[in-house]
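Letter by letter, the chains look like this.
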Amino acid sequence: MHPETTNYQKFQTSNPVVRRLLDNFFETIKRRLGSGFEGHLLDAGCGEGLVLHRMGSLLPKQVSAFDINPDCVAYVKAQWPGVQVSVQDIYNLPYADGEFDLVLCLEVLEHLSEPEKALAELKRVSSGRLILSVPYEPWFQLGSLLRGKYIRSFGNHPEHVNHWSPKTFRAFLENVFERVMIETSFPWIIAEVDNRNA
């Protein structure tokens, strides 16, 4: 039985349009991940393991993951016994400097009160690439409103405290990284940054 978190509810839908958008989103992440990746991967803020599920055979042998929600961590442990998953605070990670060749942080930063601090910590534990995603605002919020979601907050997910457009997300990342690539998989922004020799 999966934990009933708002993130799980966001990604599980019977709406065919939303499902197509989600499929496109994960195909873009798969393309960014690339085939034949053999390094150590970190799924930062893994939630219920949806990224692990959707990446499937593209995942390398060495995968670590964490989430702040113990129910999510227990679920991921049961579903993916080969993944080293634990309860962690994204602001104070126990990993060594440069421990991971690739860090995935998907649909996490918009929830954080201190995204700059989290980004610095993700950079610290990375020795290679980071792939990050956030909702594309204001379109994500408008889409929710048109579907009758979160009416009282005008379509804003109640846990989203940060709102970015491609331009503002690039500026946010460029405060920390020199090489930032941005693309959209509507209604999400996907960024890839290179931490090698940065």
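Residues numbered from 1 in each chain as written. Predicted model: local features only at pLDDT ≥ 70, side-chain atom pairs only at ≥ 80, totals over all residues. Heavy atoms only, no water.

A.B. asks: So what's going on with the overall build of the protein? Which residues, and what values?
C.D. replies: A tally of regular secondary structure across the protein gives seven helices and seven strands. Along the protein, helices (α) and strands (β) appear in the sequence α-α-β-α-β-α-β-β-α-β-α-α-β-β when read from the amino end. Split into buried and exposed, the 198 residues of the protein put 52% on the buried side. Expressed as a percentage of contacts within the protein between residues at least 6 apart in sequence, the contacts between residues at least 24 apart total 64%. Summing over all exposed atoms, the protein offers an accessible surface of approximately 9,800 Å²; the carbon and sulfur share of this is 51%. (Helix = DSSP H or I, 4+ residues; strand = E, 2+ residues; numbered from the N terminus. Buried < 20%, exposed > 50% of the residue type's maximum accessible area, 1.4 Å probe, protein only. Contact = heavy atoms within 4.5 Å. Areas by Shrake-Rupley, 256 points an atom, 1.4 Å probe, with all protein chains shown as cover.)

A.B. asks: Please give an account of the sheet that holds strand S6 (residues 180-185) that cites residues and values.
C.D. replies: Read across the sheet, seven strands follow the order S3-S2-S1-S4-S5-S7-S6 without closing on themselves; strand pairing throughout is mixed. The strands lining the two open edges of the sheet, one partner per strand, are strand S3 (84-87) and S6. Strand-to-strand twist across the sheet, computed as the mean angle between neighbouring axes with direction ignored, equals 15°. In this sheet, strand S4 (residues 100-106) lies alongside strand S1 (residues 40-44) in parallel orientation, the contact comprising three bridges. Within S4, the position partnered with aspartate 43 by the bridge is leucine 104. Packed on one face of the sheet, helix H7 (residues 166-174) meets strand S5 (126-135), S6 and strand S7 (188-194) and runs near 150° to S6. (Pairing = 2+ DSSP bridges. Axes fitted to C-alpha atoms, helices over the stretch in contact; angles between N-to-C directions.)

A.B. asks: I'd like to hear about the pairing of strand S2 (residues 62-67), residue by residue, with values.
C.D. replies: Put simply, side chains in a regular strand alternate between the two faces of the sheet. For S2, the tally of buried residues reaches five of six residues, placing the bulk of the element in the interior. Pairing between S1 and S2: five bridges, direction parallel. Opposite leucine 41, over in S2, you have valine 63 as the bridge partner. Crossover connection from S2 via helix H4 (residues 70-79) to parallel S3: handedness right-handed. (Right-handed = clockwise from strand over helix to strand, strands pointing away.)

A.B. asks: I'd like a description of the environment of valine 134, backed by residues and values.
C.D. replies: Inspection of the secondary structure assignment puts valine 134 in strand S5. When the C-alpha positions of valine 134 and glutamate 110 are compared, they lie 6.3 Å apart, and in sequence the two are 24 residues distant. The residues touching valine 134, leaving out its near neighbours within four places in the chain, are Glu107, Leu109, Glu110, Trp164, Phe169, Trp188 and Ile189.

A.B. asks: Can you explain the side chain of serine 64? Please cite residues and give values.
C.D. replies: Structurally, serine 64 is set in strand S2. Look past the residues within four positions of serine 64 in its chain and what remains in contact with it is His40, Leu41, Leu42, Asp43, Val83, Gln84 and Phe100.

A.B. asks: So what's going on with the nonpolar core? Residues and values would help.
C.D. replies: Grouped together as the largest cluster of nonpolar side chains are 30 residues, with contacts concentrated most on Ile90, Leu109, Leu122, Leu132, Phe169 and Leu173. Elements with a contribution of two residues or more to this core: S1, S4, helix H5 (115-125), S5, H7 and S7. Ranked by size, the runner-up nonpolar core spans 26 residues in total, among them Phe25, Val63, Ala65 and Phe140. (Core = buried A, V, L, I, M, F, W, Y, C linked by side-chain atoms within 4.5 Å.)

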